[in-house]
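Summary of structural features
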Amino acid sequence: MSKMHLKLTVNGQAEELRVEPRELLIHVLREKLNITGPHIGCETSHCGACTVEMNGKSVKSCTVFAAQADGAEVTTIEGLSPLGEMNVLQNAFREHHGLQCGFCTPGMITRAHRLLQENPTPTAEEVRFGMAGNLCRCTGYQNIVKAILAAASEMNAAKEAAE
Amino acid sequence: MNDQTPTRVERSAKLKGLGVSRKRVEDVRFTQGKGNYVDDIKMPGMLFGDFVRSPYAHARIKSINIDAAMALPGVIAVLTAKDLEPLGLHWMPTLAGDKQMVLADGKVLFQGQEVAFVVAENRYINADAIDLVEVEYEELPVLTDAKVAMAPDAPVLREDLAGQESGAHGKRKHHNHIFLWEIGDEAATDEVIANADVVAEETVYYHRTHPCPLETCGCVASMDKVNGKLTLFGTFQAPHVVRTVASLLSGIEEHNIRVVSPDIGGGFGNKVGVYPGYVCSIVASIVTGRPVKWVEDRMDNLMATAFARDYWMKGRISATKDGRITGLHCHVTADHGAFDACADPTKFPAGFMSICTGSYDIPVAYLGVDGVYTNKAPGGVSYRCSFRVTEAAYFIERMIEVLAIKLNMDAAELRRINFIRKEQFPYDSALGWEYDSGDYHTAWEKALKAVDYDGLRKEQAERVAAFKRGETRKLLGVGLSFFTEIVGAGPVKNCDILGMGMFDSCEIRIHPTGSAIARLGTISQGQGHATTFAQILASEIGISADSITIEEGDTDTAPYGLGTYGSRSTPVAGAAAAMAGRKIRAKAQMIAAYLLEVHDGDLEWDIDRFVVKGAPEQFKTMTEIAYASYHQEIPGVEPGLEAVSYYDPPNMTYPFGAYICVMEIDVDTGVHEIRHFYALDDCGTRINPMIIEGQVHGGATEAYAIAMGQELAYDEIGNVKTGTLMDFFLPTSWETPTYTTDFTETPSPHHPIGAKGVGESPNVGGVPAFSNAVHDAFRPFGLKQSHMPHDQWRIWTIANDLGLHG
Ligand code: FES
Ligand code: FES
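A quick note: this is a predicted structure, and the numbers were derived from the prediction, not measured. (Residues numbered from 1 in each chain as written. Chains lettered and ligands numbered in written order. Predicted model: local features only at pLDDT ≥ 70, side-chain atom pairs only at ≥ 80, totals over all residues. Heavy atoms only, no water.)

Here we look at the interface of chain B and chain A
What counts here: Only heavy atoms matter for contacts: two residues are in contact if any of them lie within 4.5 Å across the pair. Throughout, buried area stands for the accessible area (probe radius 1.4 Å) lost by two parts on being put together, summed over both. In what follows, salt bridge is the name for a side-chain nitrogen of Lys or Arg lying within 4 Å of a carboxyl oxygen of Asp or Glu. Put simply, DSSP H or I for four residues or longer makes a helix, DSSP E for two residues or longer makes a strand, and each gets a number counted from the N terminus. Only Asp, Glu, Lys and Arg are considered charged in this grouping, and only Ala, Val, Leu, Ile, Met, Phe, Trp, Tyr, Cys and Pro are considered nonpolar; every other residue, Gly among them, is considered polar.
Taken together, the 56 residues of chain B in the interface contact 52 residues of chain A. Approximately 4600 Å² of surface area, both sides summed, lies buried where chain B meets chain A, with 54% of it carried by carbon and sulfur atoms. Across the chain B-chain A interface, the total number found is 6 salt bridges. Elements with a contribution of two residues or more to the side of chain B that touches chain A: α2 (27-30), α5 (123-132) and α18 (689-708) of chain B. With 9 residues, α18(B) is the single largest residue contributor to the side of chain B that touches chain A. Along the lines of polarity and charge, the residues of the side of chain B that touches chain A split into 23 nonpolar, 18 polar and 15 charged.

Shown next as structure tokens:
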């Protein structure tokens, strides 16, 4: 199959590669760019394990052709904090036991990160609604919701302190 | 240097031992996307394998043509049964004493069955090649109902078993019959029931479902032809068992096989079995000389690996007129699918279904289980429960409710009357188990009080009255559930898998500077072993959990163990850890005695050190002892500080709990709302309360899914109707309820630290709580039994059948 030229920025780094038009973004990230944080749980847009940010929006990268990401800014879990450091959300997930097997976690945190930009002061109900595209089989969500709410108030407190 | 600071309290806190909600070690990697799951593994020259699967549930294969596929650039090999036959690998033994086709041999027996294995340079070429493999099928009549499969003239499914009158578990009475497993005294049970004041009868169906972990199954096989070593990475809940099986099947000596379970994205029983994908990947790697990766997609996962449940349970329960249960009779028709690949200990073809007398003192009982072949996928795994225990708990908790209706008695009171009393433990059940410890009444009263049970009943009565007056269309259900789990398989004398006793193991090495590494025969799939096992050890050997590395899952380094499923890690491997820790301490005591120039009997253990009795200022800490063990000659004691323990549990452990679900149901739409869910667990000694609570949330959510909508459904010609996450219900954060957790603590008397295990209790107790809530809402209108899953349509149908739609 003929290949096409693809240019995109992933976690701040410019990438150029050749892909088939049918290749999915998740496969390109995982297999060609060795970015294995986003996972594959279904490949049908249901589970959210593959969630990344593309041009400031949460997308399920199993349902995005790599070709659609041409020229895009993509951020994955690996790009949310400097290597070896945990950001507020990541810490909150650990602190509140918001993960178990960890398979949903990269997608979950990447989505939560965007959710808190969309709505910095969500209620528990808004968190539950805003995270409903990301499935978790282990935690029952209760501690995920707790972690996201805790991260939100920590971020807001930090913002207030800075103002 | 021997001053008394830090204080005992400070020293104890520093350990982060038993009972501490220690934050998880694993999370640092997982939250940063640095987990290492099987699909993350990449090896030089690695190929991808995938299956051509059968679209039919029952068909003869007339021909397979691989020419077009092989002609596609990038396709390296296409394996069929014909290629595996010379190696004797076209069939493989199952964990249940049956055999299973690795690749279809002459016919297919379920939709999604593996027909050919395509090996190609990448997954896209693989998908193209799969389309190019031409398979000609001749359809055969399909059996998807186990009861119909036992009709005298039902089509023969397993032609390979023609003429075999008995199987691994005794006589077969029909060509689609696998076994009849019986336990208890049927004649005595029948007699008691025949003469009883009151008898309730019901058929309870626990539908087919699937564990569906977020990560599917997969492996990477790599045969190194130069040194003759096979390395197999995979999603294995029992890596050592996989190594032994791989050796027996392939003829490669066991020391030349290394099996590694990397991080596992949830298991819930799905990853216990041995699947054709593993065998084909190994063969393909041997044939091509290159590493081969196989990872299921979600549809493969739901269609082909590891279903759970599918039990038709027919019960009769008898009682005196004041509600004392006198006998229980249970017969199960068990749908095992096309091959009996249930993952149970060998001597228990229906797992521990014989725990079906539940938490009640029932003097006489009988259980008979008929295993039956159908045109559905093989599996029969324990989906977040010990072997068939959730089926047993659901059965008895439904029978109690049905009996309560018959007696016109409150179901909470009926349970209270019949609980095994505290002073009866250890308690011998009518079906042969010795319950180790329990205090059911205390747990029950605590639970009822916590939810204001009497208040709820009053509210419910008012609601029914209001409903009848036409003032509301919503009903209120109070779902009660009290369960006894049986976990920690198990004693080698009666528990084995493929002949291997179900012990487990731990090996500890203390480093010269006083930190340590421990390796175990289990493997975490999210339970947080790296965190909790270190806590057990910290309390035993006085080294901070933060200074203990836990390693699992690599058969080259970990001691042999039977793996993680059936909540066995804490009861068995956790015990091994404690015992290995005690060996370390015993040696440390001799070293300390020498260093302090006293007799070892003059020392006592104090948190992290040995202290001279009566002279607390004289002591040696574990760190000092470790250093000495490597640095100085100690007469009569070998250098170093290491220990291994293989732990054969003397009994199972019996966690228990009380769950109560308060549910609102809209009669006109069938929509439900969980108003309150209360979960009290007693798992004995609590190692890490934070992790226990997390396990309860997760298990209860899986129970919620199963009870309220999750189903592996087939149509009458054997098509899987729920093969994607569009149709197979996994609750999102939106509909998942919020849980209130609580506990009592009744230690196991035979476990070294008294722990019982918890991971699966919430599923076992949760399913009856949700289901009983639905039943309870409609009890005032005459509902006795309605099968799960209680999705919106089924609830609407209940209301409609009861004439509540006017
Ligand atoms: S893998 Fe993309 S949504 Fe599941
Ligand atoms: S932590 Fe396992 S799927 Fe979410």
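So, unusual backbone geometry
Negative phi characterises most residues that are not glycine, and trans characterises most peptide bonds. All names here are of chain B. For the record, the criterion: The buried label goes to any residue with under 20% of its type's maximum accessible area, the exposed label to any with over 50%, and the partly exposed label to all in between, with areas taken from a 1.4 Å probe on protein chains only.
Following Ala489, the chain continues into Gly490 via a peptide bond in cis, with omega recorded as -25 degrees. Tracing the backbone shows Gly490 in the loop between β22 (474-484) and β23 (496-497). With an omega of -10 degrees, the peptide bond running from Met788 to Pro789 counts as cis. Relative to the elements of secondary structure, Pro789 occurs in the loop between α19 (761-778) and α20 (792-801). One non-glycine residue, Asp452, adopts positive backbone phi at about 55 degrees. Position of Asp452 relative to the elements: it lies in the loop between α13 (440-450) and α14 (453-468). Of the residues examined, Asp452 reaches a relative accessible area of 47% and is grouped as partly exposed. The backbone of Glu597 sits at a positive phi, close to 55 degrees, despite the residue not being glycine. Turning to its location among the elements, Glu597 is positioned in the loop between α16 (569-596) and β28 (603-606). According to the relative accessible area criterion, Glu597 is exposed, its value standing at 74%.

Brief notes about the pattern of salt bridges
Oppositely charged side chains can pair when the atoms bearing their charge come close. On inspection of all chains with the given rule, the structure shows 69 salt bridges over all chains. A salt bridge links Asp546(B) to Arg22(B), with the shortest nitrogen-to-oxygen separation between them at 2.9 Å. Here Asp546(B) is found in the loop between α15 (529-541) and β27 (548-552), whereas its partner Arg22(B) is found in the loop between α1 (8-15) and α2, with 524 residues between them in sequence. Ionic pairing is found between Asp263(B) and Arg29(B), a salt bridge with its closest N-O pair at 2.7 Å. Taken as a pair, Asp263(B) in the loop between β15 (257-260) and α9 (276-288) and Arg29(B) in helix α2 lie far apart in primary sequence, 234 residues in all. In the salt-bridge network here, residues are joined through shared partners; they are Arg30(A), Glu31(A), Asp39(B), Asp40(B), Arg123(B) and Lys293(B).

A short note on the side chain of His775(B)
Residues and elements named next belong to chain B. Where we set the bar: As used in this structure description, the phrase polar contact means that two N or O atoms lie within 3.5 Å; if the pair is within protein, one of them must be able to donate a hydrogen and the other to accept it, and residues adjacent in sequence are counted only when both atoms belong to side chains.
In this structure, His775 sits in helix α19. Within polar-contact distance, the side chain of His775 engages the backbone oxygen of Ser771 at 2.9 Å. With residues near it in sequence (within four places) discarded, His775 still touches Tyr394, Arg398, Leu783, Lys784, Gln785, Ser786 and His790.

Some remarks on the domain arrangement of chain B
Many authors give the size of an interface as the accessible area that is lost as the parts come together. All names here are of chain B. Put simply, the test is: The split of the chain into domains comes from an automatic or database domain assignment.
Parsing chain B into structural domains produces domain 1 (8-35 + 504-647), domain 2 (38-140 + 216-264 + 272-304) and domain 3 (307-489 + 652-801). The straight-line distance from the C-alpha centre of domain 1 to that of domain 3 is 38 Å. Each partner contributes to the interface: domain 1 provides 29 residues, whereas domain 3 provides 24 residues. With both sides pooled, the region where domain 1 packs onto domain 3 buries about 1800 Å², and carbon together with sulfur makes up 63% of that total. At the surface where domain 1 touches domain 3, the tally comes to 0 salt bridges. Our count for the domain 1 to domain 3 interface comes out at 12 residue pairs in polar contact (both at pLDDT 80 or more). If you list the elements that add at least two residues to the side of domain 1 that touches domain 3, you get α15 and α16. Here the residues of the side of domain 1 that touches domain 3 sort into 10 nonpolar, 13 polar and 6 charged.

Describing the domain arrangement of chain A
Residue and element names in this part refer to chain A. Assigned domains within chain A: domain 1 (4-80) and domain 2 (88-162). If you average the C-alpha positions of domain 1 and of domain 2, the two centres end up 22 Å apart. Taken residue by residue, the interface counts 20 residues in domain 1 and 13 residues in domain 2. Between domain 1 and domain 2 lies a buried interface of about 1300 Å² when both sides are counted; carbon and sulfur atoms form 57% of it. Between the two partners, domain 1 and domain 2, sit 1 salt bridge. Note that Glu53 and Arg114 form a salt bridge whose closest N and O atoms lie 2.7 Å from each other. Our count for the contact surface shared by domain 1 and domain 2 stands at 8 residue pairs in polar contact (both at pLDDT 80 or more). Elements supplying a minimum of two residues to the side of domain 1 that touches domain 2: β3 (51-54) and β4 (57-60). Within the side of domain 1 that touches domain 2, the residues separate by chemical class into 7 nonpolar, 10 polar and 3 charged.

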